[in-house]
Amino acid sequence: MSESIIIAETSKGAVAPVTAELVSAAIAMGTTPTIIVPCTDSSIADNAGFEGAGRTIAVKGGCFENYDASSWAAAIDAAAPAGTLLAAATPQSKDLLARVAARRGLAVVQDVVAINGSNLTSPIYSGKAMQTVALSGDAAVSVRANIFPAANASGADVSVVDQSGDVATAVQEIIARASARLDVAEANIIISGGRGMGSPDNFSHLERIADVLGAAVGASRAAVDTWDDIPHSMQVGQTGKTVNPNLYIAVGISGAIQHLAGMRSSKYIVAINKDADAPIFAHADYGIVATWEETLPVLESALSAMMA
Ligand SMILES: Cc1cc2nc3c(=O)[nH]c(=O)nc-3n(C[C@H](O)[C@H](O)[C@H](O)COP(=O)(O)OP(=O)(O)OC[C@H]3O[C@@H](n4cnc5c(N)ncnc54)[C@H](O)[C@@H]3O)c2cc1C
């Protein structure tokens, strides 16, 4: 493997913390990564310097205002040197990585959870089995968040490549659902609700506990499919986001295999369900057999007292 190039994860106009984890992943591959920061304002790249990384390239362009796979891939492909590409295994970055890989004719390995030199391990069949892929050349690799330690920040040696004039953007309209809340894909603590919450209004109980803990709020697919107010961006599972927090609290979620596929690698799993036979309890470190109506108010006041 010649060189590695990290496509920095950006969120709300800043470099997201998972980028520091990608540096450790690149080092585990035996490489010194170059960091590419897609941006509209190159000053955000000043925060993309890390111990163990090489130079930082701010790829600046109007197309980076809103995500559009085709224009982002064209701009990044033009600016990034040759080598193995790394990005976070978020839905957007997995999509982008596949686009850039197609342009460069690279093999793709998604959602890597362990690296030993050029041997990469990732889950397959919804997490029922793990595969180890031995790279024999450059590839495009997405890495799951919260697996690798974050590299320490250091001063960034930034050069700017301006792609503004070169890339047309196909985005006509973005309808954003305003959310100040942490994304489940990056959170260390997640509290998720399922159909057992009864109504989307009841997710306010989860939000209050999330506020106390600094957690993200997730949902099962049944909750997302049943209620318009619960957006797909909150869905955890096979057809939603794969998460890897230190603590996952599942409330009113049965524990279907497709939900487990997205969260079973969480360090600690707590389940709250009124049915003692719910499959989620087979995977939980701590289980509470009770309704959420009984449990959440007690949990909220106990946690608020602890954190006060
Ligand atoms: C191809 C495919 C992909 C899928 N992808 C996903 C995915 O990405 N993510 C996902 O989550 N699912 C996915 N599913 C759906 C999955 O199979 C389940 O249908 C879904 O996870 C069930 O969601 P749930 O547990 O919220 O609902 P339910 O199965 O209806 O479970 C509700 C639970 O709430 C409990 N409950 C009810 N009332 C209360 C109360 N008052 N207090 C406490 N507990 C209560 C019940 O005992 C029950 O266990 C997928 C399915 C398919 C076929």
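Residues numbered from 1 in each chain as written. Predicted model: local features only at pLDDT ≥ 70, side-chain atom pairs only at ≥ 80, totals over all residues.

1. Here we look at the overall build of the protein
Now for step 1: Secondary structure assignment for the protein yields 7 helices and 17 strands.
Now for step 2: For the protein, the spread of C-alpha atoms along the principal axes amounts to about 55 × 40 × 35 Å.
Now for step 3: Burial status across the protein gives 46% buried among its 308 residues.
Now for step 4: Considering only residue pairs separated by 6 or more positions, the protein has 65% of its internal contacts joining residues 24 or more positions apart. (Helix = DSSP H or I, 4+ residues; strand = E, 2+ residues; numbered from the N terminus. Buried ≥ 20, exposed ≤ 12 C-beta atoms within 10 Å, placed from the backbone. Contact = placed C-beta atoms within 7 Å.)

2. A few points about the sheet that holds strand E12 (residues 158–162)
Now for step 1: Spatial ordering of the open sheet is given by E7-E11-E6-E1-E4-E5-E12, a layout of 7 strands whose pairing is parallel. Because the sheet does not close on itself, it has two edges, and the strands there are strand E7 (107–112) and E12. Here the strands of the sheet are splayed against their neighbours by 20 degrees on average, with no regard to which way each runs.
Now for step 2: As paired strands, strand E1 (residues 4–7) and strand E4 (residues 34–39) are joined by 3 bridges and run parallel to one another. (Pairing = 2+ DSSP bridges. Axes fitted to C-alpha atoms, helices over the stretch in contact; angles between N-to-C directions.)

3. Let's talk about the environment of Cys39
Now for step 1: Structurally, Cys39 can be placed in strand E4.
Now for step 2: Taking the C-alpha atoms as reference points, Cys39 and Met234, separated by 195 residues in sequence, lie 25 Å from one another.
Now for step 3: When residues no more than four places from it in sequence are discounted, the contact partners of Cys39 are Thr10, Ile44, Ala45, Ala58, Lys60 and Phe64.

4. Notes on the domain arrangement of the protein
Now for step 1: According to the domain assignment, the protein contains domain 1 (4–162) and domain 2 (184–307).
Now for step 2: Computed over C-alpha atoms only, the centres of domain 1 and domain 2 are separated by 29 Å.
Now for step 3: Tallying the contact residues gives 13 residues for domain 1 and 12 residues for domain 2. (Domains from an automatic or database assignment.)

5. Some remarks on the site of the ligand
Now for step 1: Residues in contact with the ligand amount to 28 residues; listed here are only the nearest, Gly194, Gly196, Arg221, Ala222 and Gly237.
Now for step 2: Every element with two or more residues in the shell around the ligand is listed here: helix H5 (221–226), helix H6 (257–263), strand E16 (268–273) and helix H7 (292–307).
Now for step 3: Across the shell around the ligand, the residue classes break down as 8 nonpolar, 15 polar and 5 charged. (Near = placed C-beta within 6 Å. Nonpolar A, V, L, I, M, F, W, Y, C, P; charged D, E, K, R; others polar.)

6. Thoughts on the packing of helix H4 (residues 203–213) against H7
Now for step 1: It is at 10 Å that the axes of H4 and H7 come closest, and there the two elements cross at 20 degrees. Our classification of the angle between H4 and H7 gives roughly parallel. The crossing of H4 and H7 is left-handed. Judged by residue contacts, His205, Arg208, Ile209, Val212 and Leu213 of H4 engage Trp292, Leu296, Leu299, Glu300, Leu303, Ser304 and Met307 from H7. (Parallel < 35°, antiparallel > 145°, perpendicular 65-115°, else oblique. Left-handed = near helix turned anticlockwise from the far one by under 90°.)

7. So, the nonpolar core
Now for step 1: Membership of the largest hydrophobic core comes to 93 residues, with the highest contact counts inside it found for Ile6, Ile36, Val37, Ile76 and Leu85.
Now for step 2: Here this core spans two domains, since at least three of its residues come from each of domain 1 (4–162) and domain 2 (184–307).
Now for step 3: With near-sequence residues (within four places) excluded, Leu85 lies in contact with Ile5, Ile7, Leu97, Val100, Ala101, Leu106, Ala140 and Val141. (Core = buried A, V, L, I, M, F, W, Y, C linked by C-beta atoms within 7 Å.)

8. A short note on helix H2 (residues 69–79)
Now for step 1: Of the positions making up H2, those classed as buried are Ser71, Trp72, Ala73, Ala74, Ala75, Ile76 and Ala79.
Now for step 2: Against E1, E4, strand E5 (56–60), helix H3 (91–104) and E12 lie the buried residues of H2.

9. Focus on unusual backbone geometry
Now for step 1: Positive phi is not limited to glycine here, since Asp111 has a value of about 60 degrees.
Now for step 2: Inspection of the secondary structure assignment puts Asp111 in strand E7.
Now for step 3: The backbone of Asn146 shows a phi angle near 65 degrees, a positive value even though the residue is not glycine.

10. Comments concerning H3
Now for step 1: Across its 14 residues, H3 extends 20 Å between first and last C-alpha, which sits within 8% of the 20 Å expected from 1.5 Å per residue.
Now for step 2: Regarding H3, the residues found buried are Ser93, Leu96, Leu97, Val100 and Ala101. Down the axis of H3, the buried side of the element spans an arc of 135 degrees, and every buried residue falls inside it.
Now for step 3: The elements touched by buried residues of H3 are E1, H2, strand E6 (84–88), E7 and strand E11 (139–143). (Expected span 1.5 Å × (residues − 1). Arc of directions from axis to C-beta.)

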